[in-house]
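Here are the chains, one letter per residue:
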Amino acid sequence: MKVLIIGSGGREHAIAASVAKSSRVDKIYCAPGNAGIGQIAECVPIGAMEFDKLVAFAKENQIDLTIIGMDDPLVGGVVDAFEAEGLRVFGPNKAAAILEGSKAFSKDLMKKYNIPTAAYETFDDPEKALEYLKTAKMPIVLKADGLALGKGVLICNTLEEAEAGVKEIMMDKKFGSAGNHMVIEEFMTGREVSVLSFVDGKTIKIMSSAQDHKRAKDGDQGLNTGGMGTFSPSPFYTKEVDEFCKKYVFQATVDAMAAEGRTFKGIIFFGLMLTEDGPKVLEYNARFGDPEAQVVLPRMKNDVIDVMEACIDGTLDQIDLQFEDNAAVCVVLASDGYPVSYEKGFEIKGLENFEDKDGYYCFHAGSKLNEEGKIVTNGGRVLGVTAKGADLKEARANAYAATEWIDFANKYMRHDIGKAIDEA
Ligand code: AMP
Ligand code: GLY
């Protein structure tokens, strides 16, 4: 069969690598893709938000299955555009993708269906938000309602910071129309865990857990980024936590969406915080995490196409989802200066070191082929270097060894990805 993947990051490279392992797949296209994806798929120069062109391409090329990697097209209704033409597509439709697209929606859903999350209020009037802050406990968390490239969350330690934050989000519209509404919520402390799942509208199957490292610098210092590295499984995702979430979070979310007439098919990413009062949902995403996908998918034993088709067909209950009994660590190689400003266009050397090395992967996030046919840096997050190991410590040692195989002019990475496992 022929498969089209929509997106251009490390996550889409990891999806493409999984799809390439399927014996059922003859040809993979990726729109728009990147230089690494181009080694296993044919990249098509169509943007992820160009729905008409994507649909036309899928029809002309008789694509059997389209997989949406990114959040923006999902929230914008790309699945509806494909389904309207009778095309098979993996991902939630627009009505369901609101689970990620609106934080106010997801918070109200959790409240209505008793799914544990931080206490909160929603506002569409900045004056009311400022009034509310006067009596609120600090620190406090401000969230722009809509998609804001993962940047619409402000953690404020003082009333002054929080007031300035409300002005930035709602009045100066720093995150655009995402700031028309906002959520103000209780600050929680605890360890974060990412749990990805496949959902077919009624059945949910949980993937192996992972942990991201969102801050730019070692010791969780510096600015928030898209994610600087991940490990899987998380030793903090214990049997007890799993039982709690199975009882109060996972199926409850799927059933709540169905009850709201927003049947969810695709990936639900649960961003959990393990607080003293038990696990609570920080956020939902409607797609694979990036770079969580780079450590979770390589450990999945199933044929990913079988699982995705079962989600579309509502037969996920018949799938026995299985993961390898090992571990994986992904270290992101970024351009120095990310997430603020950085140079790009530097040649990436050493990629050939990953060829034919079992258990090692170099997923491209921001790379491109230049006019001379060389692979050069083309973004803040450039590569995700993933390695497996018998356990987390071995996987971490392998991943960091493999980061040395790659060289480019302004290569930057965190040196403490997976350090938390020493405390487990
Ligand atoms: P989100 O996009 O909602 O996941 O928020 C981004 C990051 O902000 C999370 O990964 C947490 O580290 C942090 N965060 C979000 N909400 C809270 C909260 N209520 N308390 C503490 N930290 C939070
Ligand atoms: N790694 C977090 C995310 O994909 O949103």
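Remember, predicted model here, so these are calculated numbers, not experimental data. (Residues numbered from 1 in each chain as written. Chains lettered and ligands numbered in written order. Predicted model: local features only at pLDDT ≥ 70, side-chain atom pairs only at ≥ 80, totals over all residues. Heavy atoms only, no water.)

Here's the deal with the pairing of strand E16 (residues 265-275)
Here is step 1: Of all 11 residues that make up E16, 10 are buried, and the element is covered over most of its length.
Here is step 2: Pairing analysis gives 10 bridges linking strand E10 (residues 191-200) to E16, with the strands arranged antiparallel. Bridging from a neighbouring strand, Glu192 pairs with Met273 of E16.
Here is step 3: In terms of strand pairing, E16 meets strand E17 (residues 278-285) through 7 bridges, oriented antiparallel. Of the residues in E17, the one forming a bridge with Met273 is Lys280.
Here is step 4: Taken together, E16 and the strand that follows it, E17, pair antiparallel across an intervening segment of 2 residues. (Buried < 20%, exposed > 50% of the residue type's maximum accessible area, 1.4 Å probe, protein only. Helix = DSSP H or I, 4+ residues; strand = E, 2+ residues; numbered from the N terminus. Pairing = 2+ DSSP bridges.)

Describing the nonpolar core
Here is step 1: Of all hydrophobic cores here, the largest spans 58 residues; its most connected members are Phe270, Leu383 and Ile406.
Here is step 2: Residue contributions to this core peak at 6 residues, all from strand E18 (residues 327-335).
Here is step 3: Excluding its chain neighbours within four sequence positions, the residues that come into contact with Phe270 are Val193, Ser194, Val195, Ser197, Ile204, Val249, Phe250, Thr253, Glu283 and Tyr284.
Here is step 4: Ala14, Ile37, Leu297 and Ile305 belong to the second-largest nonpolar core, a separate cluster that totals 41 residues. (Core = buried A, V, L, I, M, F, W, Y, C linked by side-chain atoms within 4.5 Å. Contact = heavy atoms within 4.5 Å.)

Notes on the site of ligand 2
Here is step 1: Taken together, Asp212, Gly226, Phe269, Asn285, Arg287, Gly289, Asp290, Pro291 and Glu292 make up the full set of residues near ligand 2.
Here is step 2: At a separation of 2.8 Å, a nitrogen atom of ligand 2 approaches a polar side-chain atom of Asp212.
Here is step 3: One nitrogen or oxygen atom from the main chain of Asp290 is found 2.9 Å from an oxygen atom belonging to ligand 2.
Here is step 4: Here ligand 2, which alone exposes 200 Å², has 89% of that area covered by the protein. (Near = heavy atom within 4 Å. Polar contact = N/O pair within 3.5 Å; in protein donor to acceptor, adjacent residues only side chain to side chain. Areas by Shrake-Rupley, 256 points an atom, 1.4 Å probe, with all protein chains shown as cover.)

Let's talk about the site of ligand 1
Here is step 1: Around ligand 1, the structure places 13 residues, and the nearest of them are Glu185, Glu186, Met188, Glu192 and Glu283.
Here is step 2: Bound to the protein, ligand 1 loses 91% of the 470 Å² it would expose on its own.
Here is step 3: Of all the elements in the fold, those that place two or more residues in the shell around ligand 1 are strand E7 (140-144), strand E8 (153-156), strand E9 (182-186) and E17.
Here is step 4: Looking at the shell around ligand 1, its residues break down into 6 nonpolar, no polar and 7 charged. (Nonpolar A, V, L, I, M, F, W, Y, C, P; charged D, E, K, R; others polar.)

Concerning the sheet that holds E7
Note: strands within a sheet are paired through backbone hydrogen bonds, in either parallel or antiparallel orientation.
Here is step 1: Read across the sheet, 4 strands follow the order E6-E9-E7-E8 without closing on themselves; strand pairing throughout is antiparallel. Two strands in the sheet have a free side with no partner beyond their single neighbour: strand E6 (120-123) and E8. Across this sheet, the average inter-strand angle for adjacent strands is 20°, counted without regard to direction.
Here is step 2: The pairing of E7 with E9 spans 5 bridges and is classified as antiparallel. Bridge pairing in E9 links Val141 to Glu185. (Axes fitted to C-alpha atoms, helices over the stretch in contact; angles between N-to-C directions.)

Looking at the sheet that holds strand E11 (residues 204-206)
Here is step 1: Here we have 4 strands laid out as an open sheet, ordered E11-E10-E16-E17, and antiparallel in their pairing. If you trace the sheet from one side to the other, it starts and ends with E11 and E17, each paired once. Looking at each pair of strands side by side, their axes are set apart by 35° on average, direction ignored.
Here is step 2: Sheet topology places E10 next to E11; 3 bridges connect them, and they run antiparallel. Bridging from a neighbouring strand, Val199 pairs with Ile204 of E11.

Overview of helix H13 (residues 392-403)
Each turn of an α-helix holds 3.6 residues, which means side chains three or four residues apart point in the same direction.
Here is step 1: Its 12 residues give H13 an end-to-end C-alpha distance of 16 Å, which sits within 8% of 16 Å, the value for a rise of 1.5 Å per residue.
Here is step 2: Leu392, Ala395, Arg396, Asn398, Ala399, Tyr400, Ala402 and Thr403 are the residues of H13 that are buried.
Here is step 3: As for H13, its buried residues are in contact with strand E15 (229-232), E18, strand E19 (360-364), strand E22 (381-389) and strand E23 (411-412). (Expected span 1.5 Å × (residues − 1).)

A few points about a negative patch on the surface
Here is step 1: On the surface, Glu352, Glu355, Asp356 and Asp358 cluster together into a negatively charged patch.
Here is step 2: For Glu355, the location among the structural elements is in the loop between E18 and E19. (Patch = residues over 30% accessible without salt bridge, like charges linked within 9 Å, V, L, I, M, F, W, Y side chains within 5 Å. Salt bridge = Lys/Arg side-chain N within 4 Å of Asp/Glu carboxyl O. Lys, Arg positive; Asp, Glu negative; His and termini not counted. Charge placed at Lys NZ, Arg CZ, Asp CG, Glu CD.)

Remarks on the pattern of salt bridges
Here is step 1: This structure, assessed with the given rule, holds 26 salt bridges.
Here is step 2: Here Glu423 and Arg191 are joined by a salt bridge, their closest N and O atoms 2.8 Å apart. Remark: Arg191 occurs in strand E10 and Glu423 occurs in the segment after E23; sequence separation between them is 232 residues.
Here is step 3: One network of salt bridges, in which partners are shared, links Arg24, Arg88, Asp306, Glu309 and Asp313.

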